[in-house]
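# What the coordinates show
If you want the building blocks of each chain, they are given just below.
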Amino acid sequence: MTKKDPAQAVKSAPGIGQYGSELTPQMLYDKCVALARNLWWTWHPEVHSLFRDLDPIRWRQLDHNPMALLHEFTPERLSHRAAEMILHSRINYYYRRLKEYTAERRRTWAAEHASVLGSMPVAYFSAEFGIHESVPVYSGGLGVLAGDHIKSASGLGVPLFAVGLFYSQGYFKQKLNEHGWQDEEYINTELEHLSMEAARDAQGNPITVQIETRNGSLLAQVHQMHVGRVRLFLLDTDVDGNHPEDRQLTSRLYGGDTRLRIRQELVLGVGGVRALRAMGIQPGVFHLNEGHSAFAPLEVVRLRMQDDGWEFDEALRFVARQTVFTTHTPVPAGHDRFDPGLVEEHLGPLRDQLGITGEHLLSLGRVDPHNEGETFCMTVLGLKMSRRANAVSQLHGHISRRMWAHLWPWKVEDEIPIGHITNGVHVPSWLAWQMRQLYDRHFPDGWTRGMGLPGAWQHIHDVDPGELWETHNALKILLLSFVRRRITRQCRRRQEPEAVVEAARNALEPSILTIGFGRRFATYKRADLVFTDLDRLDAILNNPERPVQLVFAGKAHPRDEPGKHLIQHIANLRHDPRFRDRVVYIEDYDINVCRHMVQGVDVWLNTPRRPLEASGTSGQKVVLNGGLNLSILDGWWAEAYDGSNGFAIGPGRSHRDQAETDRRDAAALYDVLEDQVIPTYYQRDVDGLPPRWIQMMMNSISSLAWRFSAHRMVMDYTQTMYIPAAGGLSCDMERR
Ligand SMILES: *Cc1c(COP(=O)(O)O)cnc(C)c1O
């Protein structure tokens, strides 16, 4: 991109004065605010650096939040700073690019391939959206997936409105105390530091939705954010008129008990549909990203009955045809279940209007409609309210069909109507700028338009191996300095001796094979698998010729004691002289930490207990940047690994006995490290390059980057789910 960047040309052109344009300070300031107000900037590293150049130190301190940064500037000071840094032409350039991008509707992929959605847009519901570290309305993988989904929908021009909740305290900040124990800290988000505004109705009035329960009503205001061409609506119960307790309802993600949970989900599903209605938006498709929003179709049924005078059953059939449901986990705790009392308290008034009995409503959330002992399950509701459902990888598809087979007792397993669309990641958000420049130099012009197709990525094989290796190593050094900065800060906060702080400042070694592990510390992910046999690990990490170092990060859910023990175990290895220099733990895993890790590691380690990792996406981010995956054959890796594009741990089988599985997987992990990963990495040619390793990097990029991109994922959703749900004919059904 940089080679064609006219702003660069202007910058170096002779005769352009210090100010370079006719802009007044206020006009310049307004353009910066406009850039900050559309989250389009989050996937344009050139715009990051523009903001960073305004004040590099504050930029970092403010969590890369441009609105917060701009709040610290007056137009005059901004203009001064822009002159000093010669930013005027860059600001103008990216401002124009943003305007062009948001105005463009006709020359997009969807305009050509999904025109039916033009008048029947998609409403995409998700309990969380992970767009950037400065927008704290996500906790982990599900949210980041939703964020990547809407960014790719924007890029492809798919008409889509996103609906979620606004969490004023987001998820928690993680700090480890001197014992390595996780402390959680909740911070109120400063509203004026968010690129967020009130959503408005046709008359320009802010919108408040109301939802009756048996126990009083709930109110929610509606905020909106711009994510490229997509609008994201976030419902927020912190409004006058709500009971004080209800004002806190949406303050935290996944906090509280089941009563709080059902109330959040009522606001998301029913409130979300009402918010769209209030804005005059008439979706043709409702996509429920996980069961949290599965109340939404009930409200859509109510509207059909009210508007068109239909009976419940008829309206339900119609609405189910419009509804797409995605299930995200085979782990039982990942499926919300509610007692009948809670369901009646919260859905009772809606049920009255639907004209169905309490038993009928409950039966929609039960596998066996007549089993009164079965609690109401949001996943079951989602499956029953939708004609099209999918899992998030091929393997997860098999598992989900088996898991929910009882819902269709008359069908054999292969005919269970749950397909799969494997998750993918938004390439521009996760691809390092340095790597992007390398690709821009070697791939055909405009290659990013085809980033969800195999063609463009084949050109990785034309790249000079030395250049690819150097670029990767430059990114690795950036990661290591990030790690040092973070762990030094951690030691300082815990007021550790100066010698420890000094050691942190010099931790890790760029020439050493570096393995990363960053994810939620759910126990099924087995973060401690690599620590099963500490003597064997010691020998591996401290081999004098071929050493290895590990970088760990991740949060445990606040109520997950076993997860917190795992963290403690790993974090405290720094007190063990054998591991002090070889294992580090970075606190507060979030999008920022993840981005640094996936862009800089040599190897990404993934050790879930098969088949519990539905997909996983962090390893897909690693692929884009030239890192290699070392993973159990679970989730996406089970269909991605081909023997030459990364490493597999074990043969992809599980023993009936869990402890036995864990033992075998740990042994397989050490074996593959000793026999494949380490020798391949350290085998060097006369130029000091590892030829077989670089070949694997290229194989990984060419075979995986397009397949596990969110562009490919959103194209699949559009062609196999959205278009048929909108009543159109898909041109590409056989891909499923
Ligand atoms: C990508 C991402 C995840 C998802 O990681 P998994 O591979 O699914 O465990 C979780 N958290 C953050 C912050 C991410 O960016």
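One structure accompanies this document, and this report is about it. Note that this is a predicted model, so its numbers are computed, not measured.

What counts, and where the lines are drawn
- Residues numbered from 1 in each chain as written.
- Predicted model: local features only at pLDDT ≥ 70, side-chain atom pairs only at ≥ 80, totals over all residues.
- Heavy atoms only, no water.
- Salt bridge = Lys/Arg side-chain N within 4 Å of Asp/Glu carboxyl O.
- Helix = DSSP H or I, 4+ residues; strand = E, 2+ residues; numbered from the N terminus.
- Buried < 20%, exposed > 50% of the residue type's maximum accessible area, 1.4 Å probe, protein only.
- Expected span 1.5 Å × (residues − 1).
- Patch = residues over 30% accessible without salt bridge, like charges linked within 9 Å, V, L, I, M, F, W, Y side chains within 5 Å.
- Areas by Shrake-Rupley, 256 points an atom, 1.4 Å probe, with all protein chains shown as cover.
- Lys, Arg positive; Asp, Glu negative; His and termini not counted.
- Charge placed at Lys NZ, Arg CZ, Asp CG, Glu CD.
- Core = buried A, V, L, I, M, F, W, Y, C linked by side-chain atoms within 4.5 Å.
- Bend = angle between axes of the 7 residues up to and from the residue.
- Contact = heavy atoms within 4.5 Å.
- Axes fitted to C-alpha atoms, helices over the stretch in contact; angles between N-to-C directions.
- Parallel < 35°, antiparallel > 145°, perpendicular 65-115°, else oblique.
- Left-handed = near helix turned anticlockwise from the far one by under 90°.
- Nonpolar A, V, L, I, M, F, W, Y, C, P; charged D, E, K, R; others polar.
- Pairing = 2+ DSSP bridges.
- Near = heavy atom within 4 Å.
- Polar contact = N/O pair within 3.5 Å; in protein donor to acceptor, adjacent residues only side chain to side chain.
- Domains from an automatic or database assignment.
- Phe/Tyr/Trp six-rings, centres within 6.5 Å; stacked < 30°, edge-to-face > 60°.

Here the structure, examined in full by the defined rule, presents 47 salt bridges. In this structure, the salt-bridge partner of E184 is K564, at a minimum N-O distance of 2.8 Å. Highlighted residues: E184 in strand 4 (residues 182–185) and K564 in helix 24 (residues 561–571), separated in sequence by 380 residues. On the basis of relative accessible area, E184 is assigned to the partly exposed category, the value being 28%. Between E413 and R402 there is a salt bridge, and its shortest N-O distance comes to 3.7 Å. With E413 in the loop between helix 17 (394–403) and strand 14 (418–420) and R402 in helix 17, the pair connects residues that are eleven residues apart, well separated along the chain. Each of R493, R494, E496, R574 and E587 takes part in one network of salt bridges that share partners.

What follows covers helix 29 (residues 691–704). Given a rise of 1.5 Å per residue, 14 residues ought to cover 20 Å, and the 20 Å separating the end C-alpha atoms of helix 29 matches this to within 8%. When we look at burial in helix 29, the residues that qualify are W693, I694, M696, M697, M698, N699, S700, I701, S702 and L704.

Together, R52, R60, R485 and R489 make up a positively charged patch on the protein surface. Structurally, R52 can be placed in helix 3 (residues 45–54). Judged by relative accessible area, which is 37%, R52 ranks as partly exposed.

Okay, the nonpolar core next. Among the nonpolar cores identified, the biggest contains 140 residues, and I150, L298 and Y722 are the most heavily contacted of them. Per-element accounting of this core gives the leading share, nine residues, to helix 30 (residues 710–725). In this structure, W447, A507, Y682 and W693 belong to the second largest nonpolar core, which totals 103 residues.

Turning to helix 30, a few remarks are in order. Taking the largest bend as the criterion, helix 30 deviates by roughly 40°, centred on T718. With 16 of its 16 residues buried, helix 30 lies for the most part within the structure.

This part covers the environment of V270. Within the secondary structure, V270 is located in helix 11 (residues 258–278). Put simply, V270 and G652 are 382 residues apart on the chain and 41 Å apart in space, counted from C-alpha to C-alpha. When residues no more than four places from it in sequence are discounted, the contact partners of V270 are I211, E265, F295, A296, E299 and L350.

What follows is about the packing of helix 21 (residues 465–493) against helix 25 (residues 591–600). Look at helix 21 against helix 25: their axes get within 7 Å of each other, and the N-to-C directions meet at 140°. Between helix 21 and helix 25, the angle is such that the two are oblique. Taken as a pair, helix 21 and helix 25 cross one another with a handedness that is left-handed. Between helix 21, through H472, L475, K476, L479, F482 and R486, and helix 25, the contact on the second element is made entirely by N592, V593, H596, M597, Q599 and G600. Within the contact of helix 21 with helix 25, the residues separate by chemical class into five nonpolar, five polar and two charged.

With respect to topology, six strands assemble into an open sheet ordered 17-16-15-18-19-20, the strand pairing being parallel. Looking along the sheet, the strands with just one partner apiece sit at the ends: strand 17 (583–586) and strand 20 (647–649). Taken over all neighbouring pairs, the strand axes of this sheet differ in orientation by 20° on average, direction set aside. For strand 19 (residues 628–632) and strand 20, the ladder comprises three bridges, and the chain directions are parallel. When the bridges of strand 20 are listed, I632 appears paired with I649. Across the sheet, helix 21 touches strand 15 (513–518), strand 16 (548–553) and strand 17, and the angle it forms with strand 17 is around 75°. Of the strands in this sheet, strand 15, strand 18 (603–606), strand 19 and strand 20 touch helix 29, which is tilted by about 75° from strand 19.

This part covers the site of the ligand. Every one of the 14 residues lining the ligand counts as a neighbour, but K525, C594, T617, S618 and K621 are closest to it. A distance of 3.2 Å separates an oxygen atom of the ligand from a polar backbone atom of T617. Notes on the ligand: free accessible area 390 Å², of which the protein chains cover 94%. Elements represented by at least two residues in the shell around the ligand include exactly helix 9 (141–156), helix 25 and helix 26 (618–624). Counting contributing residues per domain, the shell around the ligand is built from domain 2 (115–423 + 716–725) and domain 3 (444–529 + 543–708), each supplying no fewer than three.

Interaxial distance between helix 2 (residues 25–37) and helix 3 falls to 12 Å at its minimum, and their mutual angle equals 135°. On the basis of their axis angle, the class for helix 2 and helix 3 is oblique. In terms of crossing hand, the pair formed by helix 2 and helix 3 is left-handed. Packed against helix 2, whose contacting residues are C32, L35 and A36, the element helix 3 presents V47, L50 and F51 at the interface. In terms of residue class, the contact of helix 2 with helix 3 is built from six nonpolar, no polar and no charged.

This structure, assessed with the given rule, holds 30 aromatic pairs. Geometrically, the ring pair formed by W41 and F51 is edge-to-face, given 5.8 Å between the ring centres and 90° between the ring planes. In this pair, W41 is assigned in the loop between helix 2 and helix 3 and F51 in helix 3, connecting sequence segments ten residues apart. For the pair shown, W41 and F51 are each scored as buried. With centroids separated by 5.9 Å and ring planes inclined at 55°, the aromatic side chains of W469 and Y681 adopt a geometry described as tilted.

The topology assignment puts H287 in strand 9 (residues 285–289). Residue H287 is classed as buried on the basis of its relative accessible area of 1%. Within polar-contact distance, the side chain of H287 engages the side chain of T326 at 2.7 Å. Those residues in contact with H287 that lie beyond four places of it in its chain are V122, A123, Y124, F125, H149, V324, T326, Y717 and Y722.

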